[in-house]
Structure formats: structure tokens, C-alpha cells
Amino acid sequence: MALDEELILSIDNLQTHFGVRQIVKAVDGVQLQVRRGETVALVGESGSGKSVTSLSVMRLLSHPGRIVGGSMPFRRTAGDVIDLATASEKEMRRIRGRDIAMIFQEPMTSLNPLLTVGDQIGEMIALHYPVSKSEARRRAKEMLEHVEIPGAASRLDNYPHEMSGGMRQRVMIALALACEPALLIADEPTTALDVTIQAQILDLLRRLQESNGMSVLFVTHNLGVVAEIAHSVAVMYAGRIVEQAPVGDLFAQPSHPYTRGLMACVPNAALHRSSDGERHRMTPIPGDVPNLVSPPSGCAFHPRCSYAVAQCTTEPPSLAIVGDRHLSRCWRSNEV
Ligand SMILES: Nc1ncnc2c1ncn2[C@@H]1O[C@H](COP(=O)(O)OP(=O)(O)OP(=O)(O)O)[C@@H](O)[C@H]1O
């Protein structure tokens, strides 16, 4: 399976559905590329399919979710390329934790309450590398130092419940990075934290990404976080990517009316100050995200879009090039 040299992951026309009689098309033809050493933010309103996309990459969909189409060529640390859409469960067990790791909003999703943090990180290392128990423990301590946990040596014997929320988040990151994955998937990892701790964790993730050179797929609904951490941004709506661009271009020249709508909702004037320095008023996007059992015909955003014309109601637009590495899925992207 081929994959461009500069890419680590390409999600090509991924379709993930739920349900038997009523099919929920949670992911409906996602196209998304992650370059080596790049942080890609996946943004969109709740229910747009961000989590289902990232769980599809990890092949951790809960029943009755299933991948029904598409391919996901991924470059493993060893250098070979494997299709994550069709890899066997045995291959996926080797890939998870070793080549791709995931962190979540709630650290207890990843942490075992019954094991000390040292044992958990040590076990993860021992699962993927032939190391002695004492070597695994030594590396676990190094990982706690890496994520800047003070007094790492004494923290090894703590249980997760003995730590604060921010420290647990750091332990989860240490666990995820223990085997030096080539790709980290982060699903809203800072959403539950207070603003100061959130800033510290984002800063830590950014520095770890730079020093490890890993790629990151960062799922968030927060455009302020995107501006902090991402190199490139993919905007998702109703199970599809509607725009992808380098972060600076996306904020300077959002092309898709949905992206513009999302930006107009952000209470951070710095993100959307017009050229004459005036602040835009915050205006929520009217209407609701569509029902994914029977999404609107044509462009799924058309019922909420003030630019929609007749063509938008009948013909689904494809992702088209609108600038350098800038793609947009809109019939009117030249006019908005
Ligand atoms: N287990 C499931 N069974 C049926 N439908 C599901 C299931 N999990 C997710 N979905 C549906 O898939 C769609 C996409 O959900 P997803 O969680 O990926 O959205 P999201 O963009 O990550 O939202 P949020 O920001 O709230 O996490 C939603 O319509 C949701 O109802």
C-alpha cells in the first residue's frame, strides 16, 4: 500500500456507520492527511464525527460501530505502511500503544485504578520491548520526569486516585508516550481542566511533540486551543471534512461558510479581528447539526448557510483546492 513520503497517515474516504436498521453515517467519506511531525487539529461542533474518526483510526469503535468503506494507510515506526482499515486485530494490538497512542479527556479512561502509575507505565513498556522489570521501572521514572511530574521517583508508587486531575493527565501522557509512538491521537485532552492547568498541559504537549518529532491528531471543539497547538486544521461537519488548511491560512482566510460560522462563535477577539481592527460580534451559527440518519441532500450545511444557492441543495460539493494546501468543500468558495 502506497503513502506519500511526507505523510504518516492518510485517511481516504473513510466511512464509519452505526446501527442496523437505522444507519447513522457518523463518518461519511472523511479525507484527511497527517504529515510527519505535524499537529493536525480536527475541529467541529459536537456530533460532527470527530471522536468516531479518531476511534476508527485506533479501531476502537464500540458495537455497533463499524468501518464500512475507505482506507487508512499508516507508516509504522519500522517504516512499512499498513492499512489501518483492514489490519487484523492482532496487528492492531501491536500498533496500539507502540506506533499510535491515544489520550482522552478523562485520564481514568486510560489509567487502571488498581495499579500504581509506575507499574502501569512499566507494563506498557514491557509489553512492547524486551526489558527487565527494573529497566521498565527506570524508564517509567524517566517518563514521569519527561512530563514534568515533580518528585518522579516517589510518584512511581502512587495510585491514580492519589494524584490531582492535572497530574493524572500528565501520567496519561507519560503512558501514551512511553513507547515513543509515531502518532499521538489526543481527544479533547484538556477540556475538563481549569484554564491554568489546560495551558500547562498544552504547552507540555507542544514541547513533547517538538522534541519527539511525532505527529499529533488533536480533536477539539475549541478554536483557541487550535491556535495554540496546531500546524494544520481540518474542519468537520456532518461526518465529512469541509475544510483543511495550515493554521495561519485557516484563521486568516477561512473559505467554508461553516468555518467562518465557527470562528464567529469564538469569544477570543484575537482570532477574528477584521483588517480595520474592529472586533466582530459573536454570532452563533443558526440551526442545529443535522440528523446523520438522513442528512440533508446536497451540501449537508446548506440549511444553515446564508450563502446557499439551488445547486447546494441537490449536489454534494467535493473537497477542492482553494489555496496552497488549502481545501474547501463548497460550491461557492470563490465567492464567500
Ligand atoms: N455508539 C454509538 N451508537 C450510535 N451512534 C453513535 C455512537 N457513537 C457515536 N454515534 C453518533 O456518531 C455521530 C458522531 O459522534 P462523535 O462522538 O464522533 O462526534 P464528535 O464530533 O466527537 O462530538 P463531541 O465533540 O460531542 O465528542 C453522532 O451523531 C453520534 O450520535
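Residues numbered from 1 in each chain as written. Predicted model: local features only at pLDDT ≥ 70, side-chain atom pairs only at ≥ 80, totals over all residues.

Applicable threshold: UniProt positions are given in the numbering used here, feature names are shortened, and annotations may be inferred rather than shown by experiment.
As annotated in an unreviewed UniProt entry, the protein chain carries the name ABC transporter ATP-binding protein and is attributed to Devosia honganensis. Database annotation for the protein chain, UniProt heading Sequence similarities (unreviewed entry): "Belongs to the ABC transporter superfamily." UniProt's Subcellular location (unreviewed entry) comment on the protein chain is quoted here verbatim: "Cell inner membrane".

**Some words on the UniProt feature "domain: ABC transporter" (unreviewed entry) in the protein chain**
The condition that has to hold: The helix and strand labels rest on DSSP assignments: H or I over at least four residues marks a helix, E over at least two residues marks a strand, and numbering proceeds from the N terminus.
With numbering matched to this structure, UniProt assigns "domain: ABC transporter" (unreviewed entry) to residues 9–263. Across residues 9–263 one finds 38% helix and 26% strand; the C-alpha atoms that close the span lie 27 Å apart.

**Re the pairing of strand S1 (residues 7–18)**
Spelled out, the test is: A pair of strands counts as paired when DSSP detects no fewer than two bridges linking them.
Both S1 and strand S2 (residues 24–35) contribute to a ladder of eight bridges, which runs antiparallel. Bridge pairing links Thr 16 to Val 27 in S2. Linking S1 back to S2 in an antiparallel pair, the connection comprises five residues, with Gly 19 at a positive phi of about 90°. Strand direction decides the pairing type here: S1 and strand S4 (residues 66–71), joined by four bridges, are antiparallel. Opposite Thr 16, over in S4, you have Ile 67 as the bridge partner.

**Considering the domain arrangement of the protein chain**
Stated precisely, the cut-off is as follows: Where a domain begins and ends is set by an automatic assignment or by a domain database. A pair of residues counts as a contact when their C-beta atoms, built from backbone coordinates, are separated by no more than 7 Å.
The domain architecture assigned to the protein chain consists of domain 1 (7–88 + 184–292) and domain 2 (107–180). Once you take the C-alpha centre of each, domain 1 and domain 2 turn out to be 27 Å apart. Each partner contributes residues to the interface: domain 1 has 10 residues there, and domain 2 has nine residues. With seven residues, helix H7 (residues 195–212) is the single largest residue contributor to the side of domain 1 that touches domain 2.

**Describing the site of the ligand**
Selection criterion: Defining nearness, a residue is near a molecule or strand when the C-beta atom obtained from its backbone falls within 6 Å of it. Throughout this entry, Asp, Glu, Lys and Arg are counted as charged residues, while Ala, Val, Leu, Ile, Met, Phe, Trp, Tyr, Cys and Pro are counted as nonpolar. The remaining residues, Gly among them, count as polar.
Surveying the vicinity of the ligand reveals 15 residues, the closest of which are Phe 18, Ala 26, Ser 46, Ser 51 and Val 52. Broken down by secondary-structure element, the contributors of at least two residues to the shell around the ligand are S2 and helix H1 (50–58). Considering every element that reaches the shell around the ligand, the biggest residue donor is H1, with three residues. For the shell around the ligand, the per-class residue count stands at five nonpolar, nine polar and one charged.

**With respect to the sheet that holds strand S12 (residues 320–323)**
In a beta sheet, neighbouring strands pair by backbone hydrogen bonds and run either parallel or antiparallel. Just so we agree on the cut-off: Inter-axis angles, ranging from 0 to 180 degrees, are taken between N-to-C directions of lines fitted to C-alpha atoms, where helices are fitted over the stretch in contact.
Taking strand neighbours across the sheet as the criterion, the eight strands line up as S7-S8-S9-S3-S10-S11-S13-S12 in an open arrangement whose pairing is mixed. Each edge of the sheet is formed by a strand with only one pairing partner; in this case those strands are strand S7 (100–103) and S12. When strand polarity is set aside, the average angle formed by the axes of neighbouring strands in this sheet is 25°.

**Considering the nonpolar core**
Among soluble globular proteins, nonpolar side chains are generally buried collectively. The criterion, for reference: Nonpolar cores are identified as sets of buried Ala, Val, Leu, Ile, Met, Phe, Trp, Tyr and Cys residues joined via C-beta atoms within 7 Å. In this scheme the burial state of a residue depends on its C-beta neighbours within 10 Å: 20 or more other such atoms mean buried, 12 or fewer mean exposed, and anything in between means partly exposed; the C-beta positions come from the backbone.
Among the nonpolar cores identified, the biggest contains 86 residues, and Ala 174, Leu 183, Phe 218 and Val 235 are the most heavily contacted of them. At eight residues, helix H6 (residues 165–177) tops the list of elements feeding residues into this core. Lining this core are residues from two domains, each supplying at least three of them: domain 1 (7–88 + 184–292) and domain 2 (107–180).

**Remarks on unusual backbone geometry**
Along the chain, His 63 connects to Pro 64 via a cis peptide bond; the corresponding omega equals 5°. Residue placement: Pro 64 occurs in the loop between H1 and S4. The phi dihedral of Asn 13 falls on the positive side, at around 55°, and the residue is not glycine. Locating Asn 13 in the fold gives a position in strand S1.

**Points about the environment of Ile 173**
Mapping Ile 173 onto the fold places it in helix H6. Those residues within four positions of Ile 173 in sequence are excluded, and the remaining contacts are Ile 103, Val 147 and Leu 205.

**Here we look at the pairing of S7**
Burial along S7 is two-sided: the residues Ile 100 and Met 102 and Ala 101 and Ile 103 are all buried. The pairing of S7 with strand S8 (residues 183–187) spans four bridges and is parallel. Bridge pairing in S8 links Ala 101 to Leu 184.

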